[in-house]
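Each chain, letter by letter, is given below.
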Amino acid sequence: MIGLRGSARRTRRRAGALAGVVTMLLAGVAVLVAGTAQAAAGCTVTYAVSNQWQGGFGANVNVTNLGDPIRGGWRLTWTFPSGQRVTQAWNATVTASGSNVTAANVGYNADIATNATVSFGFNGTWSGTNTDPASFALNGVACTGGVGPTTAPPTTPPPTTPPPTTPPPSGDAMAAVAAMQPGWNLGNSLDAVGPDETAWGNPRITEALLDNVRAQGFRSIRIPVTWSAHLGGAPGYAIEAAYLNRVKEVVDWALADGFYVMINIHHDSWQWINTMPTDRAGVLAKYNAIWTQLSTAFRASSSKLVFESVNEPQFTGSSGDAQNAALLNELNTSFHRIVRGSGGNNATRLLVLPTLHTSSDQARVDELAATFTALNDRNLIATVHYYGYWPFSVNVAGGTHFDATAQKDLTDSFDRVHSAFVARGIPVIVGEYGLLGFDSSTGTIEQGEKLKFFEYFGWYARTKKLTTMLWDNGQHLGRTSFQWSDPELIAQIRSSWTTRSGTASTDLVFSARAGAVTARTITLNPNGTTFQGLRHGSTDLAQGTDYTVSGNQLTLTAAALTRLHGNRAYGVNATLHARFSAGVPWRIDVRTHDRPILSDATGTTASFAIPTQFRGDQLATMEARYADGSNAGPHNWTSYKEFDRAFKPDYAGNSIALTPAFFAEVNDNSPVTLTFHFWSGERVTYKVTRSGTAVTGATA
């Protein structure tokens, strides 16, 4: 889910004030219009914080429909005022982007009869304060307490300046965007919230960095820029000269390297633009002032400089989807008018417009498509972001594999934007992509499953003619070393730009040292290529003797594995590479293991680690259940906890840590049975009990 990562990926969590258990009654009026008839609608919402602990809380929400029956589905939206984040939910599907939250029905509660109530709950995180939402909207209508006819439409008026009726002369925008592939994000630098580009820990940008990015084969670079700390006061909102000059310097370096370059208004989206529902004039004045100054500053710049109106637009306290769409349309249209009216190269410059939250949901795509139709400008580009199917992207709820469900989430997303834009001749840029688990560690997702995601992502984006820009906040390419933290990953990404690569059902082949070595079979995924053989180092393995192939089933013989395991030391004994007719080879680690051994331990909720002899194995996931079988810990709608957030293996330190976030949602004096799932297929159980801040652990 794109939106569920919130702003934590590239920002610092915003603070708020501690709130206790508060119940709010809110009611709303809505009208459904059909011809001239008006249907009565209204609702009450009870929001109650059921429990709260340091950094976390639980809440229950009751939605009562006071109007005509709702059939076929409902959506409840609200905005967290203190930067809270929903981490799990039950009886509803909850997604979020920044502070904006949407709860939608699940299959069994799609209908709400008159005076009937649906209930759902969730757990979340908070920092500083846990202020309750001020308002809710049901199916896009603000709640106010009565039942009656429709209120006025969204307050945002249509643009005062009509869009041009004749598109400006231009080249081929589709061809230009195709020439931008592949792209890279210079994240957590000029977009950092703070005094300068080093505020979030990255060093100053250098020409050498950009030279090295270009040498890696990237053809476009997105340079996110946050302006809020560098603006003067109203009415001019003058951009600090030194900061603007620094941005221009970096842009000029990138243009000199031959990049297509994209700049934008970045984290301002959640810092102040999001207040537009309650401060439309103030937000629009500041937003327009920034783009007026940028249009002037870059008026003569190369046509390879591209402007993006705003990153991940979002609104707090709006009346719902309709107003959100109107506000974003006003921002995008105003941006378009200002840039086009500034003349010079801006008259035909490529301009990038996002969907709400840069979401690829159908409703958001349709809203942006309507803006494109109204503007009638052939030099516009649509943009969305993609961070994968959420359970897989963060390794929670058993989402350990890039399986058919995760694949479908990707293909559905890309199909929607292709149909709405590319099929109409409107280019699309996936302005950011990656996996959300990378926020914790690039090892949150198992290496082979991670590689399969990026291989498939690159291929399917290419088939749908989408240009993609890798999000890199410093975790991939070293900003001063110019070395990739994971060479195998970038090799797979780079290969996907032009071709497919063969993969397999796994990159791990285990044999237990406690038993005899036997043949092992894995499934090859040729992905349109042809399997050509297995290699160990520089030596080709012999088909028929070392391995056999039947259809897509590759079997390593017992004799070959016995030789490859050698003295059968725990861990990787040999690395094979399956070679295909195209793309990069598929690595297969031949590993010796035995059942991991966990030992008793004591500690605190702030520091608890289970002594673990991994014995050559690797941890895939962890389940947590109480004695009655109910789920324990965070995300209690599933027994499978989030990798790196609830538990963290330390292979060098021979331990598995259970985090404070895990114990924050464990009941006092209620033993929890943990089941650790390892990639070999081994499962090991362990029991922990929290008593206040003390924790004891014992083998089960």
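Residues numbered from 1 in each chain as written. Predicted model: local features only at pLDDT ≥ 70, side-chain atom pairs only at ≥ 80, totals over all residues. Heavy atoms only, no water.

### A closer look at the environment of F372
Locating F372 in the fold gives a position in helix α7 (residues 362-375). Here the alpha-carbon distance between F372 and N332, two residues 40 residues apart in the chain, equals 9.7 Å. Ignoring anything within four residues of it in the chain, the contact list for F372 reads L353, L380, I381, A382, F421 and I426. (Helix = DSSP H or I, 4+ residues; strand = E, 2+ residues; numbered from the N terminus. Contact = heavy atoms within 4.5 Å.)

### Here's the deal with the nonpolar core
In terms of nonpolar packing, the biggest core is built from 110 residues, with I223, W227, V261, F421 and L534 touching the most fellow members. Looking at which element gives the most residues to this core, the answer is helix α3 (residues 241-256), with 8 residues. L534 has contacts with T539, D540, L541, Y547, L554, L556, L576, H577, A578 and I588, leaving out every residue within four places of it along the chain. Counting 28 residues, the second largest nonpolar core, distinct from the first, contains V63, A89, A96 and L138. (Core = buried A, V, L, I, M, F, W, Y, C linked by side-chain atoms within 4.5 Å. Buried < 20%, exposed > 50% of the residue type's maximum accessible area, 1.4 Å probe, protein only.)

### Things to note about the packing of aromatic side chains
Counted according to the given criterion, the structure contains 33 aromatic pairs. With centroids separated by 6.4 Å and ring planes inclined at 20°, the aromatic side chains of Y386 and F457 adopt a geometry described as stacked. In this pair, Y386 sits in strand β18 (residues 380-386) while F457 sits in helix α10 (residues 447-463), placing the two residues 71 residues apart along the sequence. Take Y386 and F457: they sit in the same class, and that class is buried. Taking the centre distance of 6.3 Å and the plane angle of 35° together, the rings of W390 and W637 count as tilted. One end of the pair, W390, is in helix α8 (residues 390-394); the other, W637, is in the loop between β33 (619-626) and β34 (647-650), and 247 residues separate them in sequence. Here W390 falls in the buried class, since its relative accessible area comes to 4%. Among the aromatic side chains, those forming a connected cluster through ring pairs are Y386, F392, F402, F414, Y433, F438, F453, F454, Y456, F457, W459 and Y460. The ring of W272 carries the charged tip of K286 above its face, separated from the ring centre by 4.6 Å. The ring of F307 carries R349 above its face, with NZ or CZ at 5.2 Å from the centroid. (Phe/Tyr/Trp six-rings, centres within 6.5 Å; stacked < 30°, edge-to-face > 60°. Lys NZ or Arg CZ within 6 Å of the ring centre and 35° of its normal.)

### Quick look at the pairing of strand β36 (residues 672-678)
Summarising burial for β36: 6 of the 7 residues are buried, a large majority. Bridge count between β33 and β36: 7 bridges; the pairing is antiparallel. Residue R625 lies in a different strand from β36, and its bridge partner there is T673. Note that β36 and strand β37 (residues 683-691) share 6 bridges and pair antiparallel. (Pairing = 2+ DSSP bridges.)

### Some details on the sheet that holds strand β23 (residues 520-525)
Spatial strand order, β21-β23-β27-β26: 4 strands in an open sheet with antiparallel pairing. Among the strands making up the open sheet, the edge pair consists of β21 (503-504) and β26 (547-550).

### Looking at the sheet that holds strand β35 (residues 655-658)
Ordered in space as β30-β32-β35-β34, the 4 strands form an open sheet in which the pairing is antiparallel. In this open sheet, the two edge strands, each paired with only one partner strand, are β30 (597-598) and β34. Alignment of strand β32 (residues 608-613) against β35, held across 4 bridges, turns out to be antiparallel. Counted as the bridge partner of F608 is L658 from β35.

### Describing the environment of T518
Position of T518 relative to the elements: it lies in the loop between β22 (508-512) and β23. Given a relative accessible area of 37%, T518 falls into the partly exposed group. On a C-alpha basis, the gap between T518 and T562 in space is 8.2 Å, while along the polypeptide they are 44 residues apart. The residues contacting T518, other than those within four sequence positions of it, are A558 and L561. In terms of polar contacts, T518 uses its side chain to reach the side chain of R520, at 2.4 Å. (Polar contact = N/O pair within 3.5 Å; in protein donor to acceptor, adjacent residues only side chain to side chain.)

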